[in-house]
Amino acid sequence: MRERSRLGMGGFAHVAIDGPAGSGKTTVAHALARDLGILYLDTGAMYRAVALATLHAGIDPRDGAAVAALARAEPVRAEPDRDAERGFRVFVGAHEFGQELYANDVSRVVSTVAAHAELRAILVQRQRAIAAERAVIMAGRDIGTVVLPDAPTKIFLTASVAERVERRRAELEARGTIVDRAALHAEIVERDALDTTRATAPLVAAADAVEIDSTGLSIDEVVARIAALVRA
Ligand code: DC
């Protein structure tokens, strides 16, 4: 196996955290960033921002050329920001998006939008530009494999489907949305299928990633394990 440097792109000690929907990676990554005092970006929010802009523009999310053209015309900008509620901010053009990125309408189309190679090339370039300037914990599906293949720490976070459904249900209910467990289960299984079987940058653990199954673990336990790996 190739010997990996202790430092990644731009000489920074990046942390790549990948995993399926509901694996807890965004919660863990944000908490880890606070713990380690470094910046954080959830790249899923960038795909969600394009998905939302696609819905607003009335573009068919299956039309890859139109989706990519929209992302070029209305650039998606992401900024790690310690003071922001989520730890980062996302803009499309001049407009900042927040909670609406996590609405059901967006969740339903985002995997279709994220499957387009042309769009992925645009967003991966932006993500690398962010990582070239600072140490960052980046969460997503292809961070360890495509965006930051030289990241010194790579984590692939998983959890059972049942646990992921339960976490998502609790998260939605905390926001006042009552959801049907069976529908949520079907949605998560479908998103897993789309994310793992797409032709470009499918969800897969990097060969040199450390796999952590978070089923039955608390956020603090997962954060402590990753922090120990980063400090090691
Ligand atoms: O993590 P999330 O559920 O917010 O991600 C939304 C979608 O974006 C999901 O279908 C996978 C996709 N995604 C991706 O393809 N690559 C990334 N680096 C991050 C997210």
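Provided above is the structure to which this section pertains.
Below is a short write-up of the structure. Bear in mind the structure is a predicted one, so any value in this text is a computation, not a measurement.

This part covers the site of the ligand. For the ligand, the set of nearby residues contains 15 residues, the closest of which are Arg48, Ser111, Arg120, Asp142 and Arg198. At 2.8 Å, a side-chain N or O of arginine 191 approaches an oxygen atom of the ligand. Within the side chain of arginine 198, a nitrogen or oxygen atom sits 2.8 Å from an oxygen atom of the ligand. Relative to its unbound accessible area of 450 Å², the ligand is 96% covered by the protein chains. In this structure, the ligand is accommodated by the largest pocket. For the shell around the ligand, the secondary-structure elements that each account for two or more residues are helix H2 (44-57), helix H4 (104-114) and helix H8 (181-197). Its residues assigned to classes, the shell around the ligand comprises three nonpolar, four polar and eight charged.

To continue, consider the sheet that holds strand E3 (residues 76-80). Pairing is antiparallel across the open sheet formed by three strands, whose spatial order is E3-E4-E5. In this open sheet, the two strands that pair with only one neighbour each are E3 and strand E5 (95-97). Each strand axis lies, on average, 30° off the axis of its neighbour in the sheet, ignoring direction. As judged from the five bridges shared by E3 and strand E4 (residues 88-92), these two strands associate in the antiparallel manner. Considered in E4, the bridge of glutamate 79 is made with arginine 89. H2 rests against E3, E4 and E5 of the sheet, and its axis sits at about 30° to E4.

Scoring rules and cut-offs
- Residues numbered from 1 in each chain as written.
- Predicted model: local features only at pLDDT ≥ 70, side-chain atom pairs only at ≥ 80, totals over all residues.
- Heavy atoms only, no water.
- Near = heavy atom within 4 Å.
- Polar contact = N/O pair within 3.5 Å; in protein donor to acceptor, adjacent residues only side chain to side chain.
- Areas by Shrake-Rupley, 256 points an atom, 1.4 Å probe, with all protein chains shown as cover.
- 1 Å grid on protein atoms, 1.4 Å probe; cavity = no way out; pocket = protein on both sides within 12 Å on 5 of 7 lines; lining within 4 Å.
- Sits in = over half its atoms within 2 Å of the grid points.
- Helix = DSSP H or I, 4+ residues; strand = E, 2+ residues; numbered from the N terminus.
- Nonpolar A, V, L, I, M, F, W, Y, C, P; charged D, E, K, R; others polar.
- Pairing = 2+ DSSP bridges.
- Axes fitted to C-alpha atoms, helices over the stretch in contact; angles between N-to-C directions.
- Contact = heavy atoms within 4.5 Å.

Purely geometric numbers; function is a separate question.
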